[in-house]
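This is what each chain is made of:
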Amino acid sequence: MLDIDAIRAEFPILSRELYGRPMTYLDNTATSQTPRRVVDIITDGYTRSKANVHRGVHTLSQEATKAQEDARRRVASWIGAESHEEVIFTRGTTEALNLVASSFGGMVLGEGDELILTVMEHHANIVPWQLLRSRLGFTIKVVPIDGEGRLDLDAYRALFNERTRLVSVCHASNVLGTVNPVKEMIAEAHAHGVPVVVDGAQAAPHIKIDVRDLDADFYAFSAHKMYGPTGIGVLYGKRGHLEKMPPYQGGGEMIEHVSFGHTTFAELPFKFEAGTPDFVGIPAIAGAIDFMDGIGIDAIAEHEHVLLRHATDRLVAEVPGLRIFGTAPEKCAIISFLIGDHHPYDVGMLLDKLGIEVRTGHHCAQPLMEYLGIEGTVRASFAVYNTIEEADRFVDAVKRVAMILG
Ligand code: PMP
């Protein structure tokens, strides 16, 4: 059993009240809250040791550089990368996926080629590819889902042909919660000689990531969804790919030598890190990993699943007309739902007045919404600091809202 009170004590924001009620934060899929130890690292960075990295012989710069590069090593070992040089810091999953699309996609995709995505992708794993498609003229093929929100793996296998060049798939859906069998999917793609990009934004906070066990070619995630600072993400890439790829952006840090005639680029990972990085925030990622490791990712997932099962069972039994989107057996603690024909915004606004913070809308997955024939959903999502009492408060509030709306 986890000591949830002790865990919650690390998150001052969780003791807030809204409209005279305790705040129940259930929008963890959009961003999770940040424990004090992570905030302290950032505060320390600004108040004690702020200096630009890789730029100076002076002590402060050397300290800042060490803190950043230690964090890179921590991330690398946390995800099972062979080397810290395969870990590139970005602004988030979105920038990581744009980097892969632009740089690697630009290398391997051309006119007449095919890219495989799935219908449950976040816009961050759709639009960068569409931008590239408008330049290069390849085709995007899409894997459908079944009624429970699981990918149709037969359809996936059938999509491969001699023009397939790349697959990009989310490890877990931010709407349905479905955890995709990415290891199997990667093996299938590799059997066709096709590399795979994994959008791990929703997996990193809940699932042990082992990029080498998955054999992922690229893996992207965001720190702010895993108890870390906002504005920082990670792109893991296999060294063999990263070495061949052209830089994504140009500027300081990513060069070896610049002249007006010719420029040569820095070694990995700096070739992909143009400009001043968030050197204050990056060390805080290590703090977020320490926080998660201190509890244990399996214990985190188990606790969240208890909340998921409890809230789901009660919602299904007690709220007439409630539909849940995403009922796969392998799923993260996300409940996307609608009550009758009521607009998700109406439900979300009333829940907010009861102190329940949930997300409403299309969740940056409009193609999925179109596929499901709906405009959006209400989405509640759990993190390790949520409690059974909060799950009950949420269900009771949904019942009340259903009654108010009729
Ligand atoms: N992919 C998925 C599956 C997501 O849930 C999100 C965030 N909602 C993103 C990508 C984009 O992440 P970020 O906004 O942190 O770049």
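From a predicted model like this one, the values you see are computed outputs, not experimental measurements.

Time to look at the nonpolar core. The biggest cluster of nonpolar side chains holds 74 residues, and the ones touching the most others in it are Trp-78, Ile-79, Val-167, Tyr-219, Phe-221 and Tyr-227. Residues within four places of Val-167 in sequence aside, it is in contact with Leu-115, Ile-116, Tyr-156, Phe-160, Ala-189, Val-194, Pro-195, Val-196 and Val-197. Grouped together as the second largest cluster of nonpolar side chains are 27 residues, Leu-322, Ile-339, Ile-356 and Val-398 included.

So, on to the site of the ligand. Close to the ligand lie Gly-92, Thr-93, Thr-94, His-122, Ala-124, Asn-174, Asp-199, Ala-201, Gln-202, Ser-222, His-224 and Lys-225. Gln-202 places a side-chain nitrogen or oxygen 2.7 Å from an oxygen atom of the ligand. For the ligand, a nitrogen atom lies 2.8 Å from a polar atom in the side chain of Lys-225. In isolation the ligand offers 400 Å² of accessible surface; the protein chains occlude 84% of this area. Classifying every residue of the shell around the ligand gives two nonpolar, eight polar and two charged.

Another point: the pairing of strand β8 (residues 196-199). Residues Val-196 and Val-198 point to one face of β8 and Val-197 and Asp-199 to the other, with burial holding for every one of them. Pairing analysis gives four bridges linking strand β7 (residues 164-170) to β8, with the strands arranged parallel. Paired with Cys-170 across the two strands is Asp-199, which belongs to β8. As for the winding sense of the linkage, the β-α-β connection from β7 through helix α7 (residues 182-191) to β8 is right-handed. As paired strands, β8 and strand β9 (residues 218-222) are joined by three bridges and run parallel to one another. Each bridged residue has a counterpart across the sheet, and for Asp-199 the counterpart in β9 is Ala-220.

What follows concerns the domain arrangement of the chain. Here the domain parsing of the chain yields domain 1 (4-30 + 296-405) and domain 2 (40-293). Centre-to-centre, using C-alpha coordinates, domain 1 lies 28 Å away from domain 2. Counting from both sides, the interface comprises 35 residues of domain 1 and, opposite them, 30 residues of domain 2. Across the domain 1/domain 2 interface, buried area totals approximately 2,600 Å², and carbon plus sulfur atoms make up 62% of it. A per-residue breakdown of the area domain 1 buries against domain 2 is headed by Ile-297, Cys-332 and Leu-368, which together make up 22% of the total. Scanning the region where domain 1 abuts domain 2 turns up zero salt bridges. Our enumeration of links across domain 1 and domain 2 arrives at 18 residue pairs in polar contact (both at pLDDT 80 or more). The set of elements that each furnish at least two residues to the side of domain 1 that touches domain 2 consists of α11 (297-318), β14 (334-339) and α13 (366-372).

On to the sheet that holds strand β10 (residues 233-237), then. An order of β4-β10-β9-β8-β7-β5-β6 is seen for the seven strands of this open sheet, with the pairing classed as mixed. In the strand order of this sheet, the two ends are held by β4 (87-90) and β6 (139-143), each with one partner. In this sheet, adjacent strand axes meet at a mean angle of 20 degrees when their direction is disregarded. In the packing of helix α5 (residues 127-136) onto the sheet, the strands contacted are β5 (114-118), β6, β7 and β8, and the crossing angle to β6 comes to about 150 degrees.

It is worth spelling out the packing of helix α3 (residues 59-78) against helix α10 (residues 282-295) at this point. Their axes nearest at 7 Å, the elements α3 and α10 cross at an angle of 40 degrees. By the criterion of interaxial angle, the relationship of α3 to α10 is oblique. Classified by chirality, the crossing of α10 by α3 is left-handed. Across the interface between the two elements, Ala-67, Gln-68, Ala-71, Arg-74, Val-75 and Trp-78 from α3 touch Ile-282, Pro-283, Ile-285, Ala-286, Ile-289, Asp-290, Met-292 and Asp-293 from α10. Tallied by class, the residues present in the contact of α3 with α10 amount to ten nonpolar, one polar and three charged.

The rules behind the values
- Residues numbered from 1 in each chain as written.
- Predicted model: local features only at pLDDT ≥ 70, side-chain atom pairs only at ≥ 80, totals over all residues.
- Heavy atoms only, no water.
- Core = buried A, V, L, I, M, F, W, Y, C linked by side-chain atoms within 4.5 Å.
- Buried < 20%, exposed > 50% of the residue type's maximum accessible area, 1.4 Å probe, protein only.
- Contact = heavy atoms within 4.5 Å.
- Near = heavy atom within 4 Å.
- Polar contact = N/O pair within 3.5 Å; in protein donor to acceptor, adjacent residues only side chain to side chain.
- Areas by Shrake-Rupley, 256 points an atom, 1.4 Å probe, with all protein chains shown as cover.
- Nonpolar A, V, L, I, M, F, W, Y, C, P; charged D, E, K, R; others polar.
- Helix = DSSP H or I, 4+ residues; strand = E, 2+ residues; numbered from the N terminus.
- Pairing = 2+ DSSP bridges.
- Right-handed = clockwise from strand over helix to strand, strands pointing away.
- Domains from an automatic or database assignment.
- Buried area = accessible area lost by both parts, 1.4 Å probe.
- Salt bridge = Lys/Arg side-chain N within 4 Å of Asp/Glu carboxyl O.
- Axes fitted to C-alpha atoms, helices over the stretch in contact; angles between N-to-C directions.
- Parallel < 35°, antiparallel > 145°, perpendicular 65-115°, else oblique.
- Left-handed = near helix turned anticlockwise from the far one by under 90°.

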